Amino acid sequence: MDVFEYMQFTTKIAVLKINKNISTSFLTPFEIEELSAIKNTRRRKEYIAIRNLKNHLFGKTPILYNQHGAPIIDLEKNISISHSKEYAVIAYSEKHPVGVDIEEENRDVSLIEKKFISKEEHRKLSHEKGNSIKIWCIKEALYKLHQKKQLDFITDLSCEKINENIWKGTIRLDKKKEYLFFLKKFKNHIICFNFEQR
């Protein structure tokens, strides 16, 4: 299995190409049962790729989901999962909660920008090409970190560029939580994950 692995401080990521890694031989009986309920072909490939990647990293320990739908694994590790059409990604840390997202670098999000980019973010960041997809990526990862529904991507989530690869993401609810995010270019994708909780 051809797995790309990367570490940034206390967070590790592992990436697997979906179409090349769709073997069901790694699946446990529980996972085979879960897979049988998935009818969409693309979703089935994503499920299998994530489980293959999980087996590479953690063995047969199953991925379960908490009451908010966030993935958990019983190894004293915090995990987050994402996938694009081509790749599956797992981010994990033993030190802090993690959120990850992977997006195609050239994905056009211009039609939905008003739903996730605030006026302030637009004023500060829109002059640089490619920032819209980076903001989307960070806010998706923040959403996963929060692990609860009911977040407004404009009023509850914000991000700020520190340098080309490091951004700060903030969840503004009852208590303000700030996270540092690393943006890793991978093939024609951007992988965004938090690497230290601030």
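Here the structure is shown first, and the text comes after it.
Residues numbered from 1 in each chain as written. Predicted model: local features only at pLDDT ≥ 70, side-chain atom pairs only at ≥ 80, totals over all residues. Heavy atoms only, no water.

Tell me about the overall build of the protein, and name the residues and values.
Along the protein, the regular secondary structure elements total four helices and eleven strands. Over its C-alpha trace the protein gives a radius of gyration of 17 Å, about what one expects of a compact globule, namely 16 Å for 198 residues. Here the contacts in the protein between residues at least 6 apart in sequence split such that 51% fall between residues at least 24 apart. On the protein, roughly 10800 Å² of surface is accessible, and the fraction owed to carbon and sulfur atoms is 49%. Looking at charge distribution, the protein has the averaged site of its 36 positive side-chain charges lying 1 Å from that of its 27 negative ones. (Helix = DSSP H or I, 4+ residues; strand = E, 2+ residues; numbered from the N terminus. Rg over C-alpha atoms; globule rule 2.2 N^0.38 Å. Contact = heavy atoms within 4.5 Å. Areas by Shrake-Rupley, 256 points an atom, 1.4 Å probe, with all protein chains shown as cover. Lys, Arg positive; Asp, Glu negative; His and termini not counted. Charge placed at Lys NZ, Arg CZ, Asp CG, Glu CD.)

Give me the lowdown on the sheet that holds strand β6 (residues 87–93), citing residues and values where you can.
Strand order across the open sheet formed by four strands is β1-β2-β6-β5, with antiparallel pairing between neighbours. Edge positions in the open sheet fall to β1 (3–8) and β5 (78–83), since each of these has one partner strand only. Across the sheet, the mean angle from the axis of one strand to that of its neighbour is 15 degrees, orientation sign disregarded. Examined bridge by bridge, β5 and β6 share six bridges and lie antiparallel to one another. Among the inter-strand pairings, isoleucine 81 is bridged to a residue of β6, identified as isoleucine 90. (Pairing = 2+ DSSP bridges. Axes fitted to C-alpha atoms, helices over the stretch in contact; angles between N-to-C directions.)

Tell me about the nonpolar core, and please be specific about residues and values.
As a rule of thumb, nonpolar side chains are buried together in soluble globular proteins. Ranked by internal contacts, the top residues of the largest apolar core, which has 23 residues, are Ile138, Leu142 and Phe181. Counting residues per element, the ones that place at least two in this core are α4 (131–146), β8 (157–161), β9 (166–172), β10 (176–186) and β11 (189–197). With eight residues, α4 is the largest single contributor of residues to this core. Formed by 16 residues, the second largest nonpolar core is a distinct cluster that contains Ala14, Ile50, Phe58 and Tyr92. (Core = buried A, V, L, I, M, F, W, Y, C linked by side-chain atoms within 4.5 Å. Buried < 20%, exposed > 50% of the residue type's maximum accessible area, 1.4 Å probe, protein only.)

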